[in-house]
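Analysis of the macromolecular model
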Amino acid sequence: MIFMQQKRVSVKDIAARLHISLSTVHKALTGKTGVSEARREQVLEVARELGYVVNTAAQSLARKDMTLGIILPSQWQEYFAELKDGMEGEISSLSEMRLRGELFYINDNSTVNEIQDWIKNCGADLLLICSSNAKLKNTLLRATESLPVPVFRVGGGVDNPNSVCDVTIDAPLSGQLAADFLYCVKGTNMRAAVFTGSLDTDIHRAKTDAFNERTSVLGGRIVSICETDDNEALAYKKVCELFRQHPDTNCIYINTSTSKSVCKYIEENLLAGKVTVVGTDVYDELCENMKRGIMQATIYQNQQKVGRLSVRCAYEYLYSKNSYGSCDKNQERNVLISPTLLLRANIEQR
């Protein structure tokens, strides 16, 4: 007796049964947006009826290697090192799916030609651009706008109209959390200053605007907004000017990783406990300042999670593009990660 091997059911079979597109079937099966719940249930019901089984091994073998080009600034490793760790961890977990990453560091002296040459040489299928440096904005835009490589913006940073997806922290929520905490401490007596990198950077501006608006609603007052370009020397100069002009300042929100200079001034002038300080991120020096009571809280942005999700979203984008030859440009891809307010009790567990 000869047993005939049953033909494996494919996505095409499901699409043919329902007279719908392959893209719609893929979205329904993978839980993506862009398809109604009624249609999703219909696709899943037909898939069960036909005995459809995902063949991940065949999918992997059928695809060519996919390369993610990761562009990171060489500065501010307090933030970007954790972001990088998250990306590398997710790439490692997806290595069997023929995904790999190539890393390139940029600085203020990087040129358009250098960036373009690297992108071409590494064979990047998609770029993950992580940069909060407003000075590099035009360089990055010029380097990527003429290349047929999709761009994901990761971790906020400078605006990039070439980006097809943003994976970043919920910046307005960060500012609101800081304002709410300071209100709990100072009440309507809040006289707050904001230290930010650059208001030309989307994420810095969004945090600052949300903090200012929330503080106003709560009955507090903003006495100064200090742009530091994420430069510690400039930050120290700004904090000196702040207390010279506004000696009644009683709370400070630092919405970038640059808190060293502010904490130094607070300690030197015996203001610890008198001025309530909320920082951003979690790194060794900041933790020490919290344990010593110089800083009272920090907004944890979970950069590792941002990094991991950016790689996962990039993989799904490339998989969809490679499987069907195109990708729905109207699909909502942006991902926001909620920040967390940490106090000294949380930090002391680290």
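Given the structure is predicted, the values throughout are model-derived calculations rather than measurements.

Cut-offs and rules
Every residue gets a number counted from 1 within its own chain, in the order that chain's sequence is written. Local features in this predicted model are restricted to residues whose pLDDT is 70 or higher, and side-chain atom pairs enter the listing and the counts only when it is 80 or higher, whereas totals over whole chains, interfaces and linings include all residues. Hydrogens and water are ignored here; the side-chain numbers use all heavy atoms of the structure. One requirement defines pairing of two strands: DSSP has to find at least two bridges between them. What counts as a helix is a DSSP run of H or I of at least four residues, what counts as a strand is a run of E of at least two, and both are numbered from the N terminus. Lines are fitted to the C-alpha atoms to define the axes, a helix being fitted only along its stretch in contact, and any angle between axes, read from their N-to-C directions, falls within 0 to 180 degrees. The rule is simple: take the accessible area with a 1.4 Å probe, protein chains only, and divide by the maximum for that residue type; under 20% is buried, over 50% is exposed, in between is partly exposed. Throughout, a contact is declared for two residues whenever any of their heavy atoms are within 4.5 Å. On a scale of 0 to 100, pLDDT captures the predictor's confidence in every residue. For this analysis, a salt bridge means a side-chain nitrogen from Lys or Arg found within 4 Å of a carboxyl oxygen belonging to Asp or Glu. We call a set of buried residues a nonpolar core when its members are Ala, Val, Leu, Ile, Met, Phe, Trp, Tyr or Cys and they connect through side-chain atoms within 4.5 Å of each other.

Right, let's get into the sheet that holds strand 11 (residues 335-337). Across the sheet, 6 strands lie side by side as 2-1-3-4-5-11; this open sheet has parallel pairing. Each edge of the open sheet carries a strand with a single partner, namely strand 2 (99-106) and strand 11. Strand-to-strand, the axes of this sheet are offset by a mean angle of 20°, without reference to chain direction. One ladder, built from 4 bridges, connects strand 4 (residues 151-154) with strand 5 (residues 163-169); its direction is parallel. Paired with Val151 across the strands is Ser163, a residue of strand 5.

We now examine the side chain of Ser261. The residue Ser261 is located in helix 11 (residues 260-268) in this model. On the accessibility criterion, Ser261 (7% relative accessible area) is buried. If we ignore the near neighbours within four places in the chain, the residues touching Ser261 are Glu232, Ala233, Ala235, Tyr236 and Val239.

Our focus in this paragraph is the sheet that holds strand 9 (residues 276-280). Strand order in this open sheet of 6 strands is 7-6-8-9-10-12, and the pairing throughout is mixed. The open sheet terminates on both sides in strands that have one partner only, identified here as strand 7 (221-227) and strand 12 (340-343). When strand polarity is set aside, the average angle formed by the axes of neighbouring strands in this sheet is 20°. Sheet topology places strand 8 (residues 251-254) next to strand 9; 3 bridges connect them, and they run parallel. Looking across to strand 9, one finds that Cys251 is bridged to Thr276.

The next thing to look at is the confidence of the model for the protein chain. Across the protein chain, the average pLDDT comes to 85, with 87% of residues at 70 or higher. Note that residues 1-5 has pLDDT below 50 and, in this model, 0 contacts with residues that lie over four places away or in other chains. Predicted confidence is poor over residues 323-331, with pLDDT under 50, and the contacts of this stretch with residues over four places away or in other chains come to 16 contacts.

Here we take up the pattern of salt bridges. In the structure shown here, the tally under the stated rule is 13 salt bridges. A salt bridge links Arg153 to Asp166, with the shortest nitrogen-to-oxygen separation between them at 2.8 Å. With Arg153 in strand 4 and Asp166 in strand 5, the pair connects residues that are 13 residues apart, well separated along the chain. Of the charged contacts in the structure, one is a salt bridge between Arg221 and Asp248, with a shortest N-O distance of 3.4 Å. One end of the pair, Arg221, is in strand 7; the other, Asp248, is in the loop between helix 10 (232-245) and strand 8, and 27 residues separate them in sequence. One network of salt bridges, in which partners are shared, links Arg153, Asp166, Asp202 and Arg205.

It is worth spelling out the nonpolar core at this point. Taken as a class, soluble globular proteins show a tendency for nonpolar side chains to be buried jointly. Of all hydrophobic cores here, the largest spans 32 residues; its most connected members are Leu68, Leu83, Met87, Leu126, Leu128, Phe152 and Val311. Elements represented by at least two residues in this core include exactly strand 1 (66-73), helix 5 (77-93), strand 3 (126-129), strand 4, strand 5, helix 13 (303-324) and strand 11. Looking at this core element by element, the count peaks at 7 residues for helix 13. Beyond its immediate chain neighbours, meaning those up to four positions away, Phe152 contacts Leu126, Leu127, Leu128, Ile129, Ser163, Val164, Cys165, Ser310, Cys313, Ala314 and Tyr317. Core analysis: the next-biggest nonpolar cluster, separate from the first, contains 26 residues, Val223, Val262, Leu286 and Ile294 among them.

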